[in-house]
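Structure assessment
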There are 2 protein chains.
Amino acid sequence: MSEKNSPILSFWFEFASTYSYLTTGRIKSLADKEGIQLEWKPFLLGPIFKDQGMSDSPFNLYPTKGKYMWKDLERRTAKYGLPFLKPGIFPQNGLKAARITIANLDKPWIYDFILEVFKVEFSKDQDISDVSVLSMILRSLGQDPENILSYSESEENKKKLRENTEQARSLGIFGAPSFIVNGELFWGDDRLEDAIEFLKKVDPN
Amino acid sequence: MSEKNSPILSFWFEFASTYSYLTTGRIKSLADKEGIQLEWKPFLLGPIFKDQGMSDSPFNLYPTKGKYMWKDLERRTAKYGLPFLKPGIFPQNGLKAARITIANLDKPWIYDFILEVFKVEFSKDQDISDVSVLSMILRSLGQDPENILSYSESEENKKKLRENTEQARSLGIFGAPSFIVNGELFWGDDRLEDAIEFLKKVDPN
């Protein structure tokens, strides 16, 4: 799938993040159209919010902003043609889903898995930390949940996710979604187009 | 200038706000092109940040985010063709500039005044709370600073700005720039196009 020397856009996302859902819903077709190679980088925002002295999502810490965010998300999912239903729990714990993802980034079904996790979370009010929910998604993609969950919870794999989060921190990432092109950081679904434009300037091939 | 019954987009801005500069630099030509009537609403973010428990700009409270914001602003001003130089002091005190603005919203020179205040702040590292800086801008627009400053600091006019800030709060505004169309809130320079699109749906005339 990947060509050597083709430009790379790293997409840093967190399963708890509403705006990561928006980007996941549109980045693949956009990258395909533009001939851009994507690198999918799941990470955890919790430790990074803690660095900033936040023990919860800023959308909960600042309720006026949170109220607006849900309205904005409703409008934007409609604009992008994505299903939406405000979940009962926010933020959800995306740890297990992130571990499954990082263990299977080379699999052809992984994009469908990622998008489906976001969809059950933000349009079906299901709990993505629930093993039975994740198993159902894996089965719907023709995969064996038991094998996949067992490896994804191994020490070796847990370490990979911790390393991604460490790398995010060292890159100056403070929220999700974020994009890195040639070491340059772009934050927010609204900056995806800027990141692509920047990538084309860096490598116009 | 204004036609009765033509759609109105209220633009809520704060002179201390970096992203309000971006919007100010592009909203007038965009609104003219789209045939949209603008309502300019200066207000103060300080009291609204205090409601959220913040005693400083979030870009100072969260330095990693702040560092990114300046980089993003550099890129975006370049994109919009606006001059930019990171100021030594941030955030600045926009109180006097906001009072001058609210007292002169019906004047033909007020847009040039607003944009010039943002420009000296974010591209010339000048202090916009300094009366001599504001006077220089007013003189460059052919206005008499003494008369204008005297009225803008009157109790009657101070009250108008307090009322705008109160109104912002009651509309659920938590940051700047914000846009209100038909009671619906849009936040951030990135949502200007969405606000315009919404306005056209509400009133397609």
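See the structure above.
As a starting point, this report considers the structure included with it. Note that the structure is a prediction, hence the values are computed from the model and not measured. Position numbers for residues count from 1 along each chain, tracking the sequence in the order it is written. Going through the entries in the order they are written, you letter the chains from A and number the ligands from 1. Since the coordinates come from a predicted model, pLDDT governs what is reported: local features require at least 70, and pairs of side-chain atoms require 80 or more to be given and counted, while whole-chain, interface and lining totals use all residues. To obtain the side-chain values, all non-hydrogen atoms of the structure were used and water was disregarded.

1. Notes on the nonpolar core
Among buried residues, the Ala, Val, Leu, Ile, Met, Phe, Trp, Tyr and Cys ones that are joined through side-chain atoms within 4.5 Å form a nonpolar core. Three labels apply to residues, based on accessible area from a 1.4 Å probe with only protein chains included: buried if under 20% of the type maximum, exposed if over 50%, partly exposed otherwise in between. Counting residues in each nonpolar core, the largest one holds 49 residues, and the members touching the most others are Leu9, Phe15, Ile27, Trp40, Phe113, Val117 and Phe179 of chain A. A per-element tally of this core places helix H6 (residues 110–123) of chain A first, with nine residues. Contacts are residue-level and defined by heavy atoms, with any inter-residue pair within 4.5 Å sufficient. Apart from the residues lying within four places of it in its own chain, the contact partners of Phe179 of chain A are Leu9, Ser10, Phe11, Thr23, Ile27, Glu184, Leu185, Phe186, Gly188, Arg191, Leu192 and Ala195 of chain A. Residues Trp40, Leu73, Leu115 and Phe118 of chain B belong to the second largest nonpolar core, which totals 48 residues. Segments assigned H or I by DSSP are reported as helices when at least four residues long, segments assigned E as strands when at least two residues long, and all are numbered from the N terminus.

2. Notes on the relation of the copies chain A and chain B
Overlaying chain A on chain B yields an RMSD of 0.0 Å, the required transformation being a rotation through 180° with an accompanying axial translation of 0.0 Å. In short, the pair behaves as if placed about a two-fold rotation axis. Among all residues of chain A, the one whose C-alpha sits closest to the rotation axis is Asp190 of chain A, at a distance of 3.4 Å. A shared binding surface is used by both copies, with 100% of the interface residues of chain A retained as interface residues in chain B. We superpose the copies by least squares over the C-alpha atoms of residues that have a pLDDT of at least 70 in both of them.

3. A word on the sheet that holds strand S3 (residues 178–181) of chain A
Residue and element names in this part refer to chain A. Taken in spatial order, the four strands make up an open sheet running S2-S1-S3-S4, and their pairing is mixed. Looking along the sheet, the strands with just one partner apiece sit at the ends: strand S2 (37–42) and strand S4 (184–187). Neighbour-to-neighbour, the strand axes of the sheet open up by a mean angle of 25°, direction not taken into account. In short, DSSP must find at least two bridges between two strands for them to pair. Here strand S1 (residues 8–13) runs beside S3; their pairing, made up of three bridges, is antiparallel. Among the inter-strand pairings, Ser10 is bridged to a residue of S3, identified as Ile180. Note on geometry: axes are lines fitted to C-alpha atoms, helical ones only across the stretch in contact, with angles between N-to-C directions running from 0 to 180 degrees.

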